[in-house]
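Breakdown of the fold
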Amino acid sequence: MATDKAYREAEQRIEKARQEGATELDLRNLGLTELPEAIGQLSQLQTLDLNDNQLTTLPEVIGNLSQLQWLNLDNNQLTTLPEVIGQLSQLQSLNLDNNPLTT
């Protein structure tokens, strides 16, 4: 299944970013329907690009990304955002275009 492949690809990119202490992570155009929980380990991340996936929700661990400044969620299937988004005190840019947000 393509989603399994996309999920594994995302996990590999997350692990690589964790090992390297990367401040940017590109997970766009993977067809992800969910974000791996491991994303929460990337506390040093400043830029996260999730554009053009099929995400319907975000995991609560997204709140662990305390250094995040730029989050791109354009072109997904998000209907709501977790409250933990409000804990991202460094966030300067949040892109949510083309999502069926209801709340």
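You'll find the protein entered in an unreviewed UniProt entry as Leucine Rich repeat family protein, with Lyngbya aestuarii BL J given as the organism.

This next bit is on the UniProt feature "domain: Disease resistance R13L4/SHOC-2-like LRR" (unreviewed entry) in the protein. As recorded in UniProt, the feature "domain: Disease resistance R13L4/SHOC-2-like LRR" (unreviewed entry) lies at residues 25-96. Strand forms 15% of residues 25-96 and helix 0%; the C-alpha atoms that close the span are 17 Å apart.

What follows deals with the side chain of N76. Structurally, N76 is set in the loop between β3 (70-72) and β4 (93-95). Judged by its relative accessible area of 1%, N76 is buried. A distance of 2.9 Å separates the side chain of N76 from the backbone oxygen of L50, its partner in a polar contact. There is a polar contact of 3.1 Å between the side chain of N76 and the backbone oxygen of L73.

The next subject is the sheet that holds β3. As summarised here, the arrangement of the four strands in space is β1-β2-β3-β4, forming an open sheet in which the pairing is parallel. Edge positions in the open sheet fall to β1 (24-26) and β4, since each of these has one partner strand only. Sheet twist, expressed as the mean angle between neighbouring strand axes with direction ignored, is 5°.

Further remarks concern the environment of W70. Mapped onto the elements, W70 comes out in strand β3. It is 17 Å that separates the C-alpha atoms of W70 and N99, two residues lying 29 residues apart in sequence. Among all residues touching W70, those that are not within four sequence positions of it are Q46, T47, L48, D49, L91, S93 and N95.

Attention now goes to the side chain of N99. Structurally, N99 can be placed in the segment after β4. Polar side-chain contacts of N99 include one of 3.1 Å to the backbone oxygen of L96. Engagement of the side chain of N99 in a polar contact is seen with the backbone oxygen of D97, the distance being 3.4 Å. Ignoring anything within four residues of it in the chain, the contact list for N99 reads L73, D74, N75, N76, Q77 and L78.

Scoring rules and cut-offs
- Residues numbered from 1 in each chain as written.
- Predicted model: local features only at pLDDT ≥ 70, side-chain atom pairs only at ≥ 80, totals over all residues.
- Heavy atoms only, no water.
- UniProt positions renumbered as here; feature names shortened; annotations may be inferred.
- Helix = DSSP H or I, 4+ residues; strand = E, 2+ residues; numbered from the N terminus.
- Buried < 20%, exposed > 50% of the residue type's maximum accessible area, 1.4 Å probe, protein only.
- Polar contact = N/O pair within 3.5 Å; in protein donor to acceptor, adjacent residues only side chain to side chain.
- Pairing = 2+ DSSP bridges.
- Axes fitted to C-alpha atoms, helices over the stretch in contact; angles between N-to-C directions.
- Contact = heavy atoms within 4.5 Å.

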